[in-house]
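Here is how the chains run, residue by residue.
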Amino acid sequence: MIYDIRHVTAYSYASEVSYAHCALRLTPREEPGQRVEWSELQLAPRAARLEPQTCFFGNRVVMATITAPHRALRIEARARVAVSRPPPPAPAATPAWDALREAAFAIASLAAESPAHMLHPSRLAPLHRPATDYARASFPPGRPALEAALELTRRIRADFIYDPEATQVTTPLGEAFAARRGVCQDFAHVMIAALRGLGLPAGYVSGYLRTIPPAGKPRLEGADASHAWASLWCGPEVGYVGLDPTNGVIVGDDHVTLAVGRDYADVAPVGGVLLGFGDQRIDVAVDVIPVG
């Protein structure tokens, strides 16, 4: 499947901003099963300097410096991405989760691709005993790792309510878990914390999900949203498998990966510093359009 993606982030400030230095993670990454055919980034006001970089985890980052005073900032990212992921492994054929746990803790490498980075707690996905205890019901001794994790994915989908009003970006994982409400970011963090609590490497993935309008209804521009899910390390032969607890599915060709990291803090689409004061308003619109 080939997608044209358009991601617009618009900021309006209560007072003039004299300087901004931003880290923009808005270019989809290259990975097995996903190829970026082209991408572009436009800012208004224009940036005085744009510096493309690649972060430790292999994500594409553009450092943008804006020196013109402004009361509004518009960032538009466009890309064409081809997605054709290989079929996931049969869940029942993956290694036992407790064997994977032992293998993960035995890894000595700290290379970027090492599961060691996804094994330990992180700032936004700390160890949380209630989440780990919740996950244990799906992980009896000897059960295949992906089979157990897929059941956990589906349990989160069934037990948690998608509610954009329930949480904010800064809501602690424990609050979202206790309320059983939140958005895809919350559900991904809950699942990651639960898996790490069991000793399994799990990463955070930001990206996009193609949405299909109801039969007979037109597709609305900007109706798609940025999305987030988890990825579970299933051993050196299988690698990572994406799991989407918001929808209770294994990640497929409807998902487009933007960036991967330990939690949302590693992959925030826009971050940085600015010189100014007062409140700001943020509006985001995303289009994910199949073109072939």
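Relevant structure appears above.
What counts and how
Residues numbered from 1 in each chain as written. Predicted model: local features only at pLDDT ≥ 70, side-chain atom pairs only at ≥ 80, totals over all residues. Heavy atoms only, no water. 1 Å grid on protein atoms, 1.4 Å probe; cavity = no way out; pocket = protein on both sides within 12 Å on 5 of 7 lines; lining within 4 Å. Points joined across faces, edges and corners; volume = space filled by probe spheres on them. Helix = DSSP H or I, 4+ residues; strand = E, 2+ residues; numbered from the N terminus. Nonpolar A, V, L, I, M, F, W, Y, C, P; charged D, E, K, R; others polar. Pairing = 2+ DSSP bridges.

Can you help me understand the layout of surface pockets in this one?
Left-over empty space is what a probe sized like a water molecule reveals as it rolls over the atoms. In this structure, the largest pocket encloses a volume near 1,400 Å³. Together, 47 residues line the largest pocket, and Val169, Gln185, Ser226, Tyr264 and Val284 are the ones closest to its centre. Those elements that provide at least two residues to the lining of the largest pocket are strand S1 (2–17), strand S2 (19–27), helix H5 (184–197), strand S9 (202–209), strand S10 (226–233), helix H6 (264–267), strand S14 (270–275) and strand S15 (280–290). When residues of the lining of the largest pocket are assigned to their parent elements, the largest contribution, six residues, is made by S15. Classifying every residue of the lining of the largest pocket gives 26 nonpolar, 18 polar and three charged. What the second largest pocket holds in volume is close to 860 Å³. Contributing to the lining of the second largest pocket are 30 residues, with Glu31, Ser231, Gly239, Tyr240 and Val241 lying nearest its centre.

Whenever I open this one, the pairing of strand S6 (residues 70–83) confuses me. Can you help?
Side-chain direction in a regular strand flips from residue to residue, so the side chains alternate between the two faces of the sheet. Pairing of S1 with S6 involves twelve bridges; the strand directions are antiparallel. Residue pairing across strands places Ser12 opposite Ala72, the latter belonging to S6. Note that strand S3 (residues 34–44) and S6 share ten bridges and pair antiparallel. Across the sheet, Ser39 pairs through a bridge with Ala79, a residue of S6.

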